[in-house]
Amino acid sequence: MDTSRRYRLLLLPFVIATVVLVGVPAALAIGLSLTDYDALSTPNWVGFANYIQLLDDRVFGIALGNSIYFLALSVPLRLLGAFGLALWLGGERRGTGAYRAIVYLPTVIPDAATALMWLWIVNPLYGPINLLLKSLGLAQPAWLADQDSARFVFVMMACLQIGEGFVVALSGLKGIPRSYYQAAQADGAGALSLFRHVTLPLALPWIALVAVRDTIFALPWTFAVSSIMTGGDPFYTTLFLPLYARIQSVDYLKFGLGAAATTLMIVLAALALGLIGLAARRGWYADEI
Amino acid sequence: MVTVVIAAVFAVPLLFALSLSLRQIDRTLPTTMEWLPNPIVLGNYGQALADGNLIRYGLNSLLVVAVALPVTLVVASWAGLAMARSGPAVQRRMVAFCVVALLVPHSMIWLPRFLMVKWAGLIDTPFALMLPALMGTSPLFALLFYWAFRRQPADLFDAAAMDGASAVRVWWSLALPLVGPTAMAVGALTFLYFWGDYIDPLLMIKSPARYTLPVGLSILQQFDKTRWPLVMAAAVLYALPSIGVFLAAQRYFLAGRRMLWLS
């Protein structure tokens with residue numbers, strides 16, 4: 001009897017559930033975006049009307065801008081953090097294990113707890129960050145209460161939750177054979193040149209991987225923390241696309257419009273991924289010269 | 001020195017929260033930097049635990065985890081074993097299937113899934129929150145099991161097949177005991193996922209009696225904005241199980257060479 005067939009049935013629950021819980025909703029999101037579905041009456045086909053309405057909506061424009069701001073700042077900073085820390089904590093010195101655990105720690109704290117803790121930390125009057133700045137005689141931003149600094153709080157939070165990228169960076173850097181460094185050193189390469197010509201090109205696939213992962217998960221991550229901390233305030237400056245989609249769908253029962261916003265969010269992520277792909281490919285070509 | 005500063009940056013948000021949670025609740029908040037309150041009191045923790053609602057939310061969260069965790073382990077390890085025992089063509093196709101499913105952002109799925117759950121009449125039930133367990137929570141978990149089973153010698157499984165053992169029997173008595181570390185890692189990640197999940201309960205649970213902890217806490221914050229030490233104590237209590245699970249399983253996280261991070 002064919003042994004692989006004996007196991008085929010064990011695959012079924014996973015495949016069926018993944019199709020039903022991921023495939024169907026993803027298709028549904030695209031389908032609904034072309035209708036006026038309101039969760040009460042049967043949906044009518046409206047073509048691209050939802051997309052046109054979004055482009056006319058000033059608030060959607062703001063949410064889109066905020067999302068691009070967040071992606072453009074948080075993805076590169078998180079990459080820099082993950083790989084910089086992996087380079088710094090990569091060796092097998094005493095105590096590195098504990099330091100690595102501390103770097104990972106903020107990543108495992110549940111989003112809702114993180115959001116509550118940061119609400120306190122960036123409290124303009126009593127929060128420890130501003131009291132610290134005050135004791136140093138520095139200016140104290142109003143953080144979430146201020147239109148200019150509110151968005152940046154989320155970037156700061158995201159930059160401390162880099163455990164997963166950090167682990168990938170650690171194992172990626174560990175995979176570079178020692179002999180490469182030794183050979184380059186024998187040729188008289190300095191630390192900077194070692195980094196430029198050995199570490200960077202060999203770590204590039206891992207950097208691209210973490211960049212892709214971060215790009216996909218960046219906007220979904222904003223949803224929980226921004227709905228707890230600000231709900232999009234002040235003046236929509238912390239309204240990111242996932243929260244916009246939820247408000248349109250659940251609060252105003254415009255599921256078609258929400259689905260269109262979601263679909264555009266995917267397009268945005270795809271564009272960002274395309275940029276990363278271009279950058280990585282250029283890096284690979286440059287390496288071959 | 002630099003290492004200590006790095007560690008401080010990553011530890012300090014939690015330490016700030018911890019410090020405030022130990023402060024007397026009826027005093028006015030400090031207006032100058034205060035690293036540790038004086039006196040240090042544990043009363044906020046007692047008060048948070050005495051609040052019957054938080055205990056109820058915690059039990060609701062625990063119920064979801066208690067069902068979702070074993071279901072996830074069964075579904076993911078079944079899929080991993082079946083993939084590892086399949087021919088190369090099926091293996092390739094299944095890995096591609098998992099990767100594509102992983103690339104779909106959660107934010108694309110939430111609202112349509114909410115509608116599907118609504119159509120199925122499961123809104124406001126704990127089942128709505130357990131649903132992801134049916135697909136092994138994340139395709140990554142099936143992949144992790146697949147990689148782990150693939151490392152095991154094929155002869156073992158062939159011998160079991162010769163003896164006529166059923167697939168489920170091979171899975172339970174032969175395969176699963178071989179991949180303990182992977183099961184631990186997947187178990188820990190699954191716990192973190194369901195314990196921390198805020199979005200599904202926010203969308204799908206309507207009655208306060210059925211809230212899980214994250215939703216209950218965010219509501220506490222809205223009503224108790226002036227009582228920061230109490231809110232911090234509740235947040236720390238909520239984060240503790242996640243921190244504990246991470247510390248207990250950290251060697252599988254930090255030493256794992258596989259991509260534990262995609263979940």
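Structure first, text after, so check above.
Residues numbered from 1 in each chain as written. Chains lettered and ligands numbered in written order. Predicted model: local features only at pLDDT ≥ 70, side-chain atom pairs only at ≥ 80, totals over all residues. Heavy atoms only, no water.

Peer 1: What's the story with the layout of surface pockets in this structure? I'm lost.
Peer 2: Rolled over the atoms, a probe with the dimensions of a water molecule shows which regions are left empty. Residue and element names in this part refer to chain A. Taken as a whole, the second largest pocket spans an internal volume of roughly 390 Å³. In terms of lining, the second largest pocket is formed by 20 residues, of which the most central are Leu79, Leu80, Phe83, Leu200 and Ile207. Those elements that place two or more of their residues in the lining of the second largest pocket are helix H3 (58-88), helix H10 (191-229) and helix H12 (255-288). With eight residues, the top contributor of residues to the lining of the second largest pocket is H10. (1 Å grid on protein atoms, 1.4 Å probe; cavity = no way out; pocket = protein on both sides within 12 Å on 5 of 7 lines; lining within 4 Å. Points joined across faces, edges and corners; volume = space filled by probe spheres on them. Helix = DSSP H or I, 4+ residues; strand = E, 2+ residues; numbered from the N terminus.)

Peer 1: What is the right way to read the packing of aromatic side chains from this model?
Peer 2: Two descriptors summarise a pair of aromatic rings, namely the distance from one centre to the other and the angle between the planes of the rings. Within this structure, the stated rule accounts for 20 aromatic pairs over all chains. Centre to centre, the rings of phenylalanine 255 of chain A and phenylalanine 114 of chain B are 6.1 Å apart; their planes meet at 10°, and the pair counts as stacked. Taken together, the residues phenylalanine 255 of chain A in helix H12 and phenylalanine 114 of chain B in helix H5 (residues 106-119) connect one chain to another. For the pair shown, phenylalanine 255 of chain A and phenylalanine 114 of chain B are each scored as buried. (Phe/Tyr/Trp six-rings, centres within 6.5 Å; stacked < 30°, edge-to-face > 60°. Buried < 20%, exposed > 50% of the residue type's maximum accessible area, 1.4 Å probe, protein only.)

Peer 1: Explain unusual backbone geometry here, please?
Peer 2: Only a minority of non-glycine residues have a phi that is not negative, and only a minority of peptide bonds are not trans. Cis geometry marks the peptide bond from asparagine 38 of chain B to proline 39 of chain B, where omega comes out at 0°. Non-glycine residue phenylalanine 235 of chain A carries a positive phi angle of around 50°. Of note, phenylalanine 235 of chain A is situated in the loop between H10 and helix H11 (241-251). With a relative accessible area of 63%, phenylalanine 235 of chain A lands in the exposed category.

Peer 1: Would you mind going over a positive patch on the surface with me for this structure?
Peer 2: Taken together, Arg5 and Arg8 of chain A together with Arg92 and Arg93 of chain B make up a surface patch of like positive charges. If you list the elements that add at least two residues to the positive patch, you get helix H1 (3-32) of chain A together with helix H4 (88-103) of chain B. Structurally, arginine 93 of chain B is set in helix H4. (Patch = residues over 30% accessible without salt bridge, like charges linked within 9 Å, V, L, I, M, F, W, Y side chains within 5 Å. Areas by Shrake-Rupley, 256 points an atom, 1.4 Å probe, with all protein chains shown as cover. Salt bridge = Lys/Arg side-chain N within 4 Å of Asp/Glu carboxyl O. Lys, Arg positive; Asp, Glu negative; His and termini not counted. Charge placed at Lys NZ, Arg CZ, Asp CG, Glu CD.)

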